Structure formats: structure tokens, C-alpha cells
Amino acid sequence: MNVTFKKLNFVLCFLLLINCLKAQNNKNGMVVCAYPDASKIGVDILKKDGNAVDAAVAVQFALAVVHPSAGNIGGGGFMVFRSSKGETNTLDFREKAPARATTNMYLDAEGNIIPDLSLASHMASGVPGSVDGMVEAHHKYGKLKWADLVQPAIDLATNGYKITARLAGELNRTHDTFIKANPGKPYALVKKDEQWKEGDVLVQADLAKTLELIRDNGRAGFYGGRVADEIVAEMKLGNGLISKTDLANYHAVWRKAIKGSYKNYNIITMPPPSSGGIALLQLLKSVEKYPLHRWGYNQDSTVRLIVEAERRVYADRSTYLGDPDFYKVPVDSLLRPAYIDSRMSSFSWNAATPSSSIQAGKFVGYESDQTTHYSIVDKDGNAVAITTTLNGSYGSKIFVGGAGFLLNNEMDDFSSKPGTPNMYGLIGGRANRIQPGKRMLSCMTPTIVEKDGKLFMVVGTPGGATIITSVFQTILNVIEFDMNMQDAVAAKRFHHQWLPDNIQSERGALNAGTRTKLEKKGYPVKEQGAIGRVDGILKTKEGYEGGADPRGDDTKLGW
Ligand code: GLY
């Protein structure tokens, strides 16, 4: 008896040890997202045998509670999915222009843009897509019960959670704007007479009630009934355009992933209405044949090559990218290697190519800040990259009275007036003009990378116009500059977007010597604060290695 007991004890200890070792190497999966509580909820779902999509649904709703500047139910996003067997798919739950939207809705009688109308008004919001996106993703791939995936977010909103110093600071800084945008409305994110501080408990009772309706009724809990009434009532307070019909008609769309290659890596990424996927593939092809590895991370040759590629790719973006349901985006032409080579043929080591001399390319026969990203892998190797957004930090800053959530200001991602830059300085034209029911062009670039046909990396970031170049540089940091995932996301970044014609660089990204060399060759450098918040997962021999961007409260958790 005693011997049997000892044997049992030994076996149990052995199993425990194996589990510990497995957990250390994160062999069973990983979640990396913008806030610690949401990462924990995602991993808990994985531990309960949920798959990567189940965890993504739980993380999305949790982020709507704990990361209110960008996590959302009042915005939209994109998902890139790769199953453990290598099947791929993408889900477009980007917001849509309401039916009453018009091409010139943000222009005055003289044809000039009315300041802030597309950014900070009830007219700034597109029809939200996040809830339908989660319902669709769960319907197609989910394993666990829907209600069990929404419940953790309800618990967080009902019982509250401790806020970080960063979030406290953000809420204090946004306090006056919240008050101005929401006269007379009580709102959980606004403290009346005192400042938020680290460790304060934030309870969001109205949001909890909305989430309960979503838990119990799925999409009908948001696009119909009480919440739809509240959204439409909110619209009436400020000439907003979203109607009950717009809400009832909103549906996320499954789209075929676009794919490309870089050396022996396959890139699986988001098609239009993301501009990010096409731009990323163009960028990678533009630099593929150059010895980046030998030149090294952020050395002047590396920076010059990358900047010249970015300049040309963003010029294409401004002309050719828009919602493919409304505009024929020349995807094949933009990705043809011969075309990309021809674009780079004017690159010279003698001097910078001025952006004024670069236009979008021509094809023979062509007919014519705040966002958030999370990366998840489950124990079977299913992978999900999701980027969602309200557009600006806290979107339009207008919350739906009684329903406790913020509305997006995504309409600013349309080109309100050809040739005039939007909030991110991005320029657009006919392809991205406003039309009823159309999706505004996005830079969001959730991406999955395969190496030799197997899962290698899951990656993405917020950052408006800089999303594409941040994802691009993070992939190069791993593949060319031998960084691990954490170093790759933490490494300082720079960005060029054709116009304005300068390199935007994080402070410290370029050393003094490199900067002098660049400026001598005609590359003005403008330093700024953080660019992006990249969250990625790398498959290694041992398991999964996370990269949580130290620019935010981002957290990696594996098991
Ligand atoms: N709102 C930022 C983007 O979608 O690119």
C-alpha cells in the first residue's frame, strides 16, 4: 500500500515537472495584447481548451473594457487566421460609411474641409463592425460557448479592474475632451473632482449591461434592440448619420488572404480595404535582393533602402487602394515583381529621390493612433492576428449615452478631399472617396509569416500610417537582423510615407553618425515619440516566444 502510494506520488511529481517545463517554453500557446488583464483572460480561455479564435473573442471584449482608447465594440478591425493545418482566411469587420454619407460631407460651400467634422463629431463615426466580426469569427471557428467568451469582459466591467499608471495618465489627459464631447452625460471614464491614479478600480456598469445583451443575444444584442436605439438616439444629438437600417445591414465579410514571399518565408496578410497587406508585400519585395543582413539594423544603407521603398509604396497607396467592393484595386499589378523592380529602378545611392518626383506607378492595361493589435496561438498551432481600431485615441470621444461605449471616428480614414491629408497625413483620391456603405481604407496589417511552410510569426500593431512600416521593420528585425521577438518589437523604428517628405524617427532610432550621413544625402529626419505598439509571437524550437511592446502596457502570457 505504502509502495503504491509512493509510486503514485512519484508519477504525479513527474507529470507536474513535465507541465512546468512545457509552461516555461510556452508550448501550449500564447496571447500577446495591449493590457495584462486581457492577456490573462485570453490564456485562461486557451487553458479551458478554447482555440485561438475563442481566445481572440474573449480578448476583444476584454480590451473593450480595459483598453478603452482602442479596444472597442464601437469600432472595427481585421482578422488574419491560419489553422494548424495551414488553411488561411481573413475577416473584414471594418466600419462602413452610413447610407446617408456623401462624398463631400466634410466640405464647406467653398469646397474646403470643415475642421474636425470627420474626427470629433457625431458625423465622424462609421457603422461599427467589431461585434459582428466576433460573432462571425466564433460562428465559423469557435469551439467554446459564446456566452463563456463574453462573460469575462462583463465581470471586468461589473467588478472593475485596477488601472495602470499609464491608463490613469491617459484618462486624466483626456478628461476635459470627454466632458466637452459629452455634455451632461455621466460616464465611467470620467472622474468628477479628482484625478485617476495607478491602482484605482474602474467600474463600467453601463458597458457591462451592453455586454450582457451581446452575451445573451449575439449580434442582435448590439445591432438591434436597446443598444441600436441608444446609438440612433446618440446620433440625433449631433447630426450623426448612423440609422437603425445601417446597423441592421452591417455584416462582416470573409475575404481571401493575400499572400507573398520574402526569401523562404510566406507572408499571409490582409487584403483591401486594408492597404497594409499589399504595401507590406510590396515593401518586402522591394528590399529582398539587397544585403540587409550585412548592412545591419538601422545603418544608413539600410535606412535609405527602406525609406526609398516606403516612399514609392505609399505613393501607390494614395492612388490605387480603397474598398474592393466599390473600387477595382489592381492587386495583381501592384504585386507583380517586375512592377516592383521598375519602381525601385529610380533609386540612387547618390541622393534621395524627392517625393515630388514620385507619383503612383502606371500599369499597362489597368482599367482603371489609436488602434490595437493582438496575436494568439493555441496548443494545436492555430494562429490569429487581429488589429482593431476606433481610429483616434478614444475614437470620436463621444460615448453612446446609457450604453457605455465609445464611438469610432473612422470616417476620417476616407479621403474627404482628394490630395488633402487626413489625421495621419495620408493622401487619397477617387479610390478612397466617401460613398454610402463603403469601407474606409485602412493601414491595419495583421500578418502571419510561415517559414518553410510552417507557422513562424504572428504580428501586427496600431499606429495609423506607421502600422505598415512598423510591421515591415519588425519582420526584418527577426529575419535579417537576428533579433528575438521581444527585441524585434522593442527595437526603435522609423517611418516614411511619401508625403510629407521626411523620415519620422523615434528618438534614438538613428545614431548621430547615421543621421548626419542621411541628411547629407537629402533625407531630412524628424524625431518623435513612440511609433506603434507591436505585439508578436514567434515559433521557436522550444515553443512560443512573445514580443510585448514596452511602449505600452502590452503583456505576453504563455502556458
Ligand atoms: N484607423 C487607422 C487605420 O485603420 O489604418
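Here the structure is shown first, and the text comes after it.
Residues numbered from 1 in each chain as written. Predicted model: local features only at pLDDT ≥ 70, side-chain atom pairs only at ≥ 80, totals over all residues. Heavy atoms only, no water.

Observations regarding the pattern of salt bridges
A side chain with one charge can pair with a side chain of the opposite charge if their charged atoms come near. The test is simple: Salt bridges are defined as contacts in which a side-chain nitrogen from Lys or Arg sits within 4 Å of a carboxyl oxygen from Asp or Glu. Only protein chains enter the accessibility calculation, which uses a 1.4 Å probe; a residue is then buried when its area is under 20% of its type maximum, exposed when over 50%, and partly exposed in between. Under the DSSP-based scheme used, a helix requires at least four consecutive residues in state H or I and a strand at least two consecutive residues in state E, with every element numbered from the N terminus.
Counting across every chain of the model gives 34 salt bridges. Two residues, Asp553 and Arg166, come together in a salt bridge whose shortest N-O distance is 3.2 Å. Taking relative accessible area as the criterion, Asp553 reaches 18% and is therefore assigned buried. Look at Arg166 and you get partly exposed, because its relative accessible area is 35%. Across the pair Arg493 and Asp549 runs a salt bridge, and its minimum N-O distance is 2.8 Å. With a gap of 56 residues between them, Arg493 in the loop between α17 (485–490) and β13 (494–495) and Asp549 in the loop between β17 (544–548) and β18 (555–558) connect regions that are remote in the sequence.

Description of the packing of helix α5 (residues 146–159) against helix α7 (residues 205–217)
Between two packed helices, what matters for the description is the angle formed by their axes and the separation of those axes. The following threshold applies: Axes here refer to lines fitted to C-alpha atoms; in helices the fit is confined to the stretch in contact. Angles between the N-to-C directions go from 0 to 180 degrees. What sets the label is the angle itself: under 35 degrees gives roughly parallel, over 145 gives roughly antiparallel, 65 to 115 gives roughly perpendicular, and the rest give oblique. Here a residue-residue contact requires only that any non-hydrogen atoms of the pair lie within 4.5 Å. Amino acids are sorted into nonpolar (Ala, Val, Leu, Ile, Met, Phe, Trp, Tyr, Cys and Pro), charged (Asp, Glu, Lys and Arg) and polar (every other residue, Gly among them).
Look at α5 against α7: their axes get within 8 Å of each other, and the N-to-C directions meet at 170 degrees. In terms of axis orientation, α5 runs roughly antiparallel to α7. Listed contacts from α7 to Trp146, Ala147, Val150, Gln151, Ala153, Ile154, Ala157 and Thr158 of α5 are Ala205, Ala208, Leu211, Glu212, Ile214 and Arg215. In terms of residue class, the contact of α5 with α7 is built from 10 nonpolar, 2 polar and 2 charged.

Some points on helix α2 (residues 36–47)
In an α-helix, one turn spans 3.6 residues, which is why side chains three or four residues apart end up on the same side. Operational definition: Expected span, for any helix, means 1.5 Å times one less than how many residues it has.
Look at α2: 16 Å from first C-alpha to last across 12 residues, which is about the 16 Å you get at 1.5 Å a residue. For α2, the set of buried residues is Ala38, Ser39, Ile41, Gly42, Val43, Ile45 and Leu46. On the buried face of α2, the contacting elements are β1 (30–33), α3 (52–66), α5, β9 (370–377) and β18. With its phi angle positive at about 75 degrees, Asp49 sits one or two positions after the end of α2.

Quick word on the pairing of strand β2 (residues 76–82)
The cut-off we apply is this: By this definition, two strands are paired if DSSP reports at least two bridges between them.
Extensive coverage of β2 is indicated by the burial of 7 of its 7 residues. Residues Gly76, Phe78, Val80 and Arg82 of β2 are buried on one face, and the alternating residues Gly77, Met79 and Phe81, pointing to the opposite face, are buried as well. The pairing of β2 with strand β10 (residues 383–391) spans 7 bridges and is classified as antiparallel. Across the sheet, Phe81 pairs through a bridge with Val384, a residue of β10. Alignment of β2 against strand β3 (residues 88–93), held across 6 bridges, turns out to be antiparallel. Pairing of Met79 across the sheet is with Leu91, part of β3.

What to know about the packing of α3 against α7
Convention followed: Left-handed describes a crossing in which the near helix is turned anticlockwise from the far one by less than a right angle; the clockwise case is right-handed.
Interhelical geometry of α3 versus α7 gives an angle of 165 degrees and a closest axis separation of 11 Å. When the axes of α3 and α7 are compared, the pair comes out roughly antiparallel. Crossing angle aside, the handedness with which α3 passes α7 is right-handed. Two secondary-structure elements touch here, α3 through Phe61, Ala64 and Val65 and α7 through Leu207, Leu211 and Ile214. Classifying every residue of the contact of α3 with α7 by side-chain character gives 6 nonpolar, no polar and no charged.

Purely geometric stuff here, so don't read any function into it on its own.
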